[in-house]
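Each chain, letter by letter, is given below.
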Amino acid sequence: MKIIIYPGSFDPVTNGHIDIIIRAARLCDKLIVAVANNESKKAVFSLEERVELLKRSLAGMENVEVTSFTGLLSEFVKKNKASAIIKGLRTVSDYEYELQMALINKSLSPEVETLFLVADIKYSFLSSSIVRELAKLGGNIEGLVPDCIKETVIKKLGNN
Ligand code: ADP
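On to the packing of aromatic side chains. Enumeration according to the criterion identifies 2 aromatic pairs in this entry. Ring geometry for Y6 versus F10: centroids 5.2 Å apart, planes at 75 degrees, classification edge-to-face. Under the relative-accessibility criterion, F10 is labelled buried at 2%. The lysine or arginine in question, K156, covers the ring of F45, its NZ or CZ lying 5.6 Å from the ring centre.

If you want it as structure tokens, here you go:
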């Protein structure tokens, strides 16, 4: 069985992430969306909230599982017998950062590949931080996050 891991902060999940998930799920038998529990990268949504928002958004996607992980991604990948990590690339700066990560993970676990999917042009400007900022300032986040989580995101971040 081909298992791929899609790791990230998902703080919160956006339609850009969902696009990558749908496309990545077609390439494997099981896609594990893995929410990083990273103490040094302070998230606005708790780990439980980030997992719940993803699960709600992905309900009905049969070969997609949502979970969280702590510690080294390369260890998580091995523990789950996954053959690859998948990442989305929006910009050149994403590429620089992701290349560094891919090389580190390769040196830690030579058997684990990193695959890159190029972001859909309509989501190439979209990030969780843009969504957080917009929601905080009362901007419209319609079309940027799944409809089923929109109200929860606004309630958490909005002024009223
Ligand atoms: P963000 O940069 O939005 O905080 P994450 O840390 O959750 O995102 O990112 C997880 C992965 O998803 C990374 O590989 C990132 O490049 C990718 N990603 C994030 N937003 C998008 C998008 N709009 N389109 C495609 N890939 C994306």
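Next comes the rest of the write-up.
A side chain of one charge can pair with a side chain of the opposite charge if their charged atoms are brought near each other. For the structure on display, the rule yields 12 salt bridges. E65 is the partner of K30 in a salt bridge, and the nearest nitrogen-oxygen pair spans 3.3 Å. Of this pair, K30 sits in strand β2 (residues 30-36) while E65 sits in strand β3 (residues 64-69), and the two are 35 residues apart along the sequence. A relative accessible area of 22% places K30 in the partly exposed class. Overall, E65 belongs to the partly exposed group, its relative accessible area being 34%. Taking the shortest distance from any N to any O, the salt bridge between E49 and K156 comes out at 3.0 Å. Taken as a pair, E49 in helix α2 (residues 47-57) and K156 in helix α6 (residues 147-157) lie far apart in primary sequence, 107 residues in all.

Rules and cut-offs
- Along every chain, residues carry numbers that run from 1 in the direction the sequence is written.
- In view of the model being predicted, local features appear only for residues whose pLDDT reaches at least 70, and side-chain atom pairs are presented and counted only at 80 or more, with totals across whole chains, interfaces and linings using the full set of residues.
- Side-chain measures were taken over the full set of non-hydrogen atoms in the model, leaving aside hydrogen atoms and water.
- Under the pairing criterion, centres of Phe, Tyr and Trp rings, with the six-membered ring standing for Trp, must be within 6.5 Å; the plane angle then separates stacked pairs below 30 degrees from edge-to-face pairs above 60, leaving the rest tilted.
- Here the term buried applies to any residue with accessible area under 20% of the maximum for its type, exposed to any over 50%, and partly exposed to those in between, with areas from a 1.4 Å probe on protein chains only.
- Comment: the charge-over-ring label is applied if NZ (Lys) or CZ (Arg) is within 6 Å of the ring centre and within 35 degrees of the ring normal.
- Salt bridges are defined as contacts in which a side-chain nitrogen from Lys or Arg sits within 4 Å of a carboxyl oxygen from Asp or Glu.
- Helix and strand definitions here come from DSSP, where helices need a minimum of 4 consecutive H or I residues and strands a minimum of 2 consecutive E residues; each element is numbered from the N-terminal end.

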